[in-house]
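Spelled out from the first residue to the last, the chains are:
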Amino acid sequence: MTQKARTARRQTVRQPATLTMTDETRHTVQTLDLSHGGISLQTDSQLRLAQYCAVSFKVQLGDTDHNVLAMGQIVYSDPDAELGFKTGVQFLRIDDDSRAIFHQLLQENQNT
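Conventions and cut-offs
Residues numbered from 1 in each chain as written. Predicted model: local features only at pLDDT ≥ 70, side-chain atom pairs only at ≥ 80, totals over all residues. Heavy atoms only, no water. Pairing = 2+ DSSP bridges. Helix = DSSP H or I, 4+ residues; strand = E, 2+ residues; numbered from the N terminus. Phe/Tyr/Trp six-rings, centres within 6.5 Å; stacked < 30°, edge-to-face > 60°. Buried < 20%, exposed > 50% of the residue type's maximum accessible area, 1.4 Å probe, protein only. pLDDT = per-residue confidence, 0-100. Salt bridge = Lys/Arg side-chain N within 4 Å of Asp/Glu carboxyl O. Contact = heavy atoms within 4.5 Å. Core = buried A, V, L, I, M, F, W, Y, C linked by side-chain atoms within 4.5 Å.

*Asks:* Can you walk me through the pairing of strand β5 (residues 52-61) in this structure?
*Replies:* Side-chain direction in a regular strand flips from residue to residue, so the side chains alternate between the two faces of the sheet. One ladder, built from 5 bridges, connects strand β2 (residues 16-21) with β5; its direction is antiparallel. In the sheet register, T20 faces β5, and the bridge partner there is A54. Note that β5 and strand β6 (residues 64-80) share 10 bridges and pair antiparallel. Across the sheet, the residue bridging to K58 is N67, located in β6. Counting the residues that bridge the hairpin from β5 to β6 gives 2 residues, and of these G62 lies at a positive phi of roughly 65 degrees.

*Asks:* Sorry if this is basic, but what is going on with the packing of aromatic side chains here?
*Replies:* The way to describe two aromatic rings as a pair is by their centre distance and the angle between their planes. Evaluation of the coordinates by the stated rule reveals 2 aromatic pairs. Between F57 and F102, the aromatic rings sit 6.2 Å apart at their centres with planes inclined by 10 degrees, giving stacked as the arrangement. Highlighted residues: F57 in strand β5 and F102 in helix α1 (residues 96-110), separated in sequence by 45 residues. Residue F57 is classed as buried on the basis of its relative accessible area of 6%.

*Asks:* What exactly am I supposed to notice about the confidence of the model for the chain here?
*Replies:* Detailed reading of the predicted coordinates is not advisable wherever pLDDT falls low. Across the chain, pLDDT averages 89, with 88% of residues at or above 70. Averaged over each element, pLDDT in the chain is lowest for α1 (83) and highest for β2 (98).

*Asks:* Explain the pattern of salt bridges to me, please; I cannot follow it from the model alone.
*Replies:* Side chains carrying opposite charge are able to pair once their charged atoms draw close together. One pass over the structure, following the stated rule, counts 1 salt bridge. With a closest N to O distance of 2.6 Å, R10 and D33 form a salt bridge. Within this pair, whereas R10 is found in the segment before β1 (11-12), its partner D33 is found in strand β3 (residues 26-34), the two being separated by 23 residues in sequence. Residue classification places R10 among the partly exposed positions, given a relative accessible area of 22%. We classify D33 as buried; its relative accessible area is 13%.

*Asks:* Honestly, the environment of R9 in this entry has me stumped. Any pointers?
*Replies:* Relative to the helices and strands, R9 is located in the segment before β1. Classification of R9 as exposed rests on a relative accessible area of 58%. Once the C-alpha coordinates of R9 and S35 are considered, the two residues, 26 residues apart in sequence, prove to be 6.1 Å apart.

*Asks:* Looking at this structure, how should I read the side chain of Q73?
*Replies:* For Q73, the location among the structural elements is in strand β6. On the basis of relative accessible area, Q73 is assigned to the buried category, the value being 19%. In this view, Q73 contacts A50, Q51, Y52, C53, G88, V89, Q90 and L92; residues no more than four positions away in its chain are not counted.

*Asks:* How do you make sense of the nonpolar core when you look at a structure like this?
*Replies:* For soluble globular proteins, the rule of thumb is that nonpolar side chains tend to be buried together. Counting 24 residues, the largest nonpolar core has L19, L34, I39, F57, V89 and F102 as the members making the most contacts within it. Where this core is concerned, the elements lending two or more residues are β2, β3, β4 (38-43), β5, β6, β7 (84-94) and α1. Broken down by element, this core gets its largest block of residues, 5 residues, from β5. Residues in contact with I39, not counting those within four places in the same chain, are R10, T31, D33, L34, V55, F57, T87, G88, V89 and F91.

Structure, rendered in structure tokens:
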């Protein structure tokens, strides 16, 4: 596995998500874990390293649904016997609203 050492704590977050590549192809994926620096995804196919992409998904905090969006780059996409492929996206840009939602989500998951 070619993953770089992680500097941010990751929390398990399981949500359906959409991964949109720069050529506008879309992949329906499942989030596995999340940090302020990136996200790990379950994908059906292996994705090319260094591709730029957007990750979007919906989370519920309290009684409110929030859409989150982050721009990133594929840093690994490795075969996994149970998951198909485990793909990592390092975040390059997150809008302020999504960053605040990530922060709340990570705080909530730390307390559970």
